[in-house]
Amino acid sequence: MWWLSELEQRFGKRLRKDEFLKKHTSWHVGGKAAFFAEPINEQEILRLIHMAREKSLSLIVLGGGTNVLVHDKGFEGIVISTKSLRGIKRLGETRFIFEAGVLTSQILSLTRKENLSGWEHMAGIPGTLGGALIGNAGVAGKTVEERVVWVESLERNLSHKKWERDDIKWDYRDSSLAQGNRFILRACLDFRPSTRETVDSSINYYAQKRSNQPSKGFSAGSVFKNISPVEPAGLLLEKYHCKGLSEGNASVSDRHANFIINNGNATSNEIWRLIKRCRDIILENHGKWLDLEVNLIGGPWRQ
Ligand SMILES: Cc1cc2nc3c(=O)[nH]c(=O)nc-3n(C[C@H](O)[C@H](O)[C@H](O)COP(=O)(O)OP(=O)(O)OC[C@H]3O[C@@H](n4cnc5c(N)ncnc54)[C@H](O)[C@@H]3O)c2cc1C
């Protein structure tokens with residue numbers, strides 16, 4: 001395969017065949033990706049997308065892997081990890097450009113150090129900026145969206161697109177950036193001048209809100225989206241006795257019913273069976289369907 005040796009030459013150890021995705025997800029489950037690449041710049045991303053198109057290979061972007069469930073059979077295509085795309089450029093007193101792979105925790109450390117406010121609600125939300133933009137991550141009604149000036153993406157036809165904040169449709173744990181299989185390259189975020197005391201007290205406030213989250217085992221945060229602000233999925237799951245349910249080594253957290261924990265050696269299939277069980281319980285008892293907050297990779301996923 002000439003195309004593969006060309007990629008191997010260019011990427012070296014940053015391109016791996018049959019890479020276990022469980023190594024790259026916070027749930028620690030998931031089979032192998034046929035190819036796993038860690039580009040360090042835009043040229044390399046372009047090369048990968050171009051190659052995937054030419055060879056009709058499926059392609060998926062992976063940030064921190066903290067909001068995905070990867071099938072035990074893995075992914076028959078190229079996984080592009082944003083792990084090595086962590087550039088940061090300052091534009092002014094309060095503005096920065098961050099590459100997609102910059103960790104949300106890195107942004108928090110930076111804004112805290114610079115006495116800038118507006119990112120404190122992201123304390124305790126793991127993952128990268130790219131993943132946070134795709135899912136409009138946040139907590140208690142505060143989301144990433146509020147800090148966005150613009151986002152730059154690479155579209156699947158290899159064209160560049162710059163999105164002003166208002167060009168993007170932002171929703172609860174969703175954004176229009178998620179449609180169309182695009183690659184988020186970078187974003188410009190703007191913060192507010194503040195003081196260290198204010199920033200720290202705000203971080204503490206949001207950290208307190210997380211005190212009911214499980215402290216042991218591997219998870220991907222909330223599994224289901226809330227049906228509405230007055231019907232949080234976690235409370236419904238608790239009301240209908242889902243806490244503590246288990247399938248193999250996966251169990252519903254007894255601290256927060258919207259968290260499914262891999263207690264060590266769970267498989268993706270065990271987590272999926274538990275997801276379906278919880279969903280059926282809510283459908284039967286409450287008449288409502290819980291939408292997934294986590295993203296499914298690979299498959300097929302039997303309903
Ligand atoms: C303990 C814990 C607590 C959590 N608490 C919260 C919370 O309070 N609020 C909240 O919103 N979330 C929470 N999460 C979920 C998760 O942290 C966020 O959704 C996070 O923003 C995901 O980022 P990521 O980089 O890990 O994305 P990934 O899981 O890697 O990917 C998520 C999706 O984004 C896509 N994607 C990622 N990067 C790019 C890119 N550059 N271009 C195109 N597509 C991309 C992926 O293909 C995938 O579809 C929690 C997770 C954990 C483990």
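Just so it is clear, the structure is predicted and the values come from calculations on it, not from any experiment.

## Here's the deal with the layout of surface pockets
Here is step 1: Empty space within the second largest pocket amounts to approximately 170 Å³.
Here is step 2: In this structure, the second largest pocket is lined by His71, Asp72, Lys73, Ser268, Asn269, Trp272, Arg273, Lys276, Pro300, Trp301 and Arg302.
Here is step 3: Across the lining of the second largest pocket, the residue classes tally to 3 nonpolar, 3 polar and 5 charged.
Here is step 4: Structurally, the lining of the second largest pocket is a two-domain feature, drawing no fewer than three residues from each of domain 1 (7-81) and domain 3 (233-297).

## Side note on empty space enclosed by the protein
Here is step 1: If you walk through the whole model with that rule in mind, you get 1 cavity of 30 Å³ or more.
Here is step 2: Taken as a whole, the largest cavity encloses approximately 40 Å³ of empty space.
Here is step 3: Considered class by class, the residues forming the lining of the largest cavity number 3 nonpolar, 1 polar and 3 charged.
Here is step 4: The residues that make up the lining of the largest cavity include at least three from each of domain 1 (7-81) and domain 2 (88-209).

## Thoughts on the sheet that holds strand β3 (residues 58-62)
Here is step 1: Strand order in the open sheet formed by 4 strands is β1-β2-β5-β3, and the pairing between neighbours is mixed. Each end of this open sheet is capped by a strand with a single partner; those strands are β1 (15-20) and β3. Averaged over all neighbouring strand pairs, the angle between strand axes comes to 35 degrees, with direction disregarded.
Here is step 2: Here β3 pairs with strand β5 (residues 75-81) via 5 bridges, running parallel. Paired with Leu59 across the bridge in β5 is Ile78.

## Points about the domain arrangement of the chain
Interface size, as often reported, equals the accessible area lost upon joining of the parts.
Here is step 1: The domains assigned to the chain are domain 1 (7-81), domain 2 (88-209) and domain 3 (233-297).
Here is step 2: Spacing between the C-alpha centres of domain 1 and domain 2 amounts to 23 Å.
Here is step 3: At the interface, 12 residues of domain 1 touch 12 residues of domain 2.
Here is step 4: It is Glu42, Leu46 and Ile49 that lose the most area in domain 1 upon contact with domain 2, and together they represent 38% of the buried surface on that side.
Here is step 5: Between Glu42 and Arg186 there is a salt bridge, with its nearest N and O atoms 3.1 Å apart.
Here is step 6: The tally of links from domain 1 across to domain 2 stands at 3 residue pairs in polar contact (both at pLDDT 80 or more).
Here is step 7: When contributions to the side of domain 1 that touches domain 2 are tallied by element, the ones reaching two or more residues are α2 (42-54) and β3.

The rules we used
Residues numbered from 1 in each chain as written. Predicted model: local features only at pLDDT ≥ 70, side-chain atom pairs only at ≥ 80, totals over all residues. Heavy atoms only, no water. 1 Å grid on protein atoms, 1.4 Å probe; cavity = no way out; pocket = protein on both sides within 12 Å on 5 of 7 lines; lining within 4 Å. Points joined across faces, edges and corners; volume = space filled by probe spheres on them. Nonpolar A, V, L, I, M, F, W, Y, C, P; charged D, E, K, R; others polar. Domains from an automatic or database assignment. Pairing = 2+ DSSP bridges. Helix = DSSP H or I, 4+ residues; strand = E, 2+ residues; numbered from the N terminus. Axes fitted to C-alpha atoms, helices over the stretch in contact; angles between N-to-C directions. Contact = heavy atoms within 4.5 Å. Buried area = accessible area lost by both parts, 1.4 Å probe. Salt bridge = Lys/Arg side-chain N within 4 Å of Asp/Glu carboxyl O. Polar contact = N/O pair within 3.5 Å; in protein donor to acceptor, adjacent residues only side chain to side chain.

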